[in-house]
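# Observations on the three-dimensional arrangement
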Amino acid sequence: MATIFYGSCLCKGVRYSISGQAQMSVLCHCLNCQKSSGSAFQANGFYSKGQFALLDGASFITDYHDSAVDAGCTVIRSFCSVCGSNLYTTNSTNPLIKDAIIVMSGCLEKASSALEPPQSEFYVKRRRDWVKVDGNGTSEFQAMS
Ligand SMILES: [Zn+2]
Ligand SMILES: [Zn+2]
């Protein structure tokens with residue numbers, strides 16, 4: 001049996017569960033992840049959509065269609081319309097990640113156990129100079145890959 005992890009937004013109106021570990025753990029330094037998180041980068045876990053289950057709060061979730069990403073495609077950034085927490089990103093038009101749901105790790109209840117240390121960093125060309133990642137062999141990509 002896969003371990004079940006739980007997540008929620010800041011107001012706890014949205015709650016979800018995730019079955020099993022992330023398939024990939026990533027820091028994204030792209031400008032849009034900085035903007036949408038309101039912080040220096042986003043720490044994300046890539047899961048298959050089948051691992052994710054929304055438990056509560058579907059009516060609170062608003063989708064922002066972000067068509068100005070560095071990678072040149074449109075991603076859907078889903079957030080809680082009550083408290084503003086970033087929840088997850090999807091992109092059904094990109095064959096590489098159309099079956100994936102990219103979950104912002106800050107909303108996981110036990111982020112430390114649900115998410116391995118980052119294996120990759122995307123958009124390191126956008127990384128703030130003062131961000132030092134203690135990645136044990138973290139793969140760095142100037143863009144998405
Ligand atoms: Zn909320
Ligand atoms: Zn990004």
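Residues numbered from 1 in each chain as written. Chains lettered and ligands numbered in written order. Predicted model: local features only at pLDDT ≥ 70, side-chain atom pairs only at ≥ 80, totals over all residues.

Under an unreviewed UniProt entry, the name given to the chain is CENP-V/GFA domain-containing protein, and the organism recorded is Zasmidium cellare ATCC 36951.

### Comments concerning the overall build of the chain
Summing up its helical and strand segments, the chain has two helices and eleven strands in all. Scanning the chain from its N terminus toward the C terminus, one meets helices and strands in the order β-β-β-α-β-β-β-β-β-β-α-β-β. Expected size for 145 residues packed as a compact globule is a radius of gyration near 15 Å; at 14 Å, the chain falls within 12% of this value. C-alpha extents for the chain along the principal axes are approximately 40 × 35 × 30 Å. The 145 residues of the chain split such that 33% are buried. (Helix = DSSP H or I, 4+ residues; strand = E, 2+ residues; numbered from the N terminus. Rg over C-alpha atoms; globule rule 2.2 N^0.38 Å. Buried ≥ 20, exposed ≤ 12 C-beta atoms within 10 Å, placed from the backbone.)

### Observations concerning the pairing of strand β8 (residues 86-90)
In terms of burial, β8 is a largely internal element, four of the five residues being buried. Across four bridges, the pairing between strand β7 (residues 75-80) and β8 is antiparallel. Looking across to β8, one finds that Ile76 is bridged to Thr90. Hairpin connection between β7 and β8: a loop of five residues separates the two successive antiparallel strands, and Gly84 in this loop has a positive phi of roughly 85°. With two bridges joining them, β8 and strand β9 (residues 100-104) adopt antiparallel strand pairing. Across the sheet, the residue bridging to Thr89 is Ile102, located in β9. (Pairing = 2+ DSSP bridges.)

### Structural notes on unusual backbone geometry
Leaving glycine aside, a negative phi is the common case for residues, and trans is the common case for peptide bonds. Not every positive phi belongs to a glycine, and Lys12 is a case in point at roughly 65°. Backbone geometry at Tyr123 places phi at a positive 55°, although glycine is not the residue there. Within the element layout of this structure, Tyr123 appears in the loop between β10 (120-122) and β11 (139-140). Exposure remark for Tyr123: the 23 C-beta atoms within 10 Å place this residue in the buried category.

### Focus on the confidence of the model for the chain
Mean pLDDT for the chain: 89, with 92% of residues reaching 70 or above. The weakest mean pLDDT in the chain belongs to helix α2 (residues 111-114) at 66; the strongest belongs to strand β5 (residues 52-56) at 98. (pLDDT = per-residue confidence, 0-100.)

### Brief notes about the environment of Asp99
Residue placement: Asp99 occurs in the loop between β8 and β9. With 12 C-beta atoms packed within 10 Å, Asp99 lands in the exposed category. Sequence spacing of Asp99 and Leu55 is 44 residues, and the spatial spacing of their C-alpha atoms is 20 Å. If sequence neighbours within four positions are ignored, Asp99 has contacts with Ser48 and Lys49. (Contact = placed C-beta atoms within 7 Å.)

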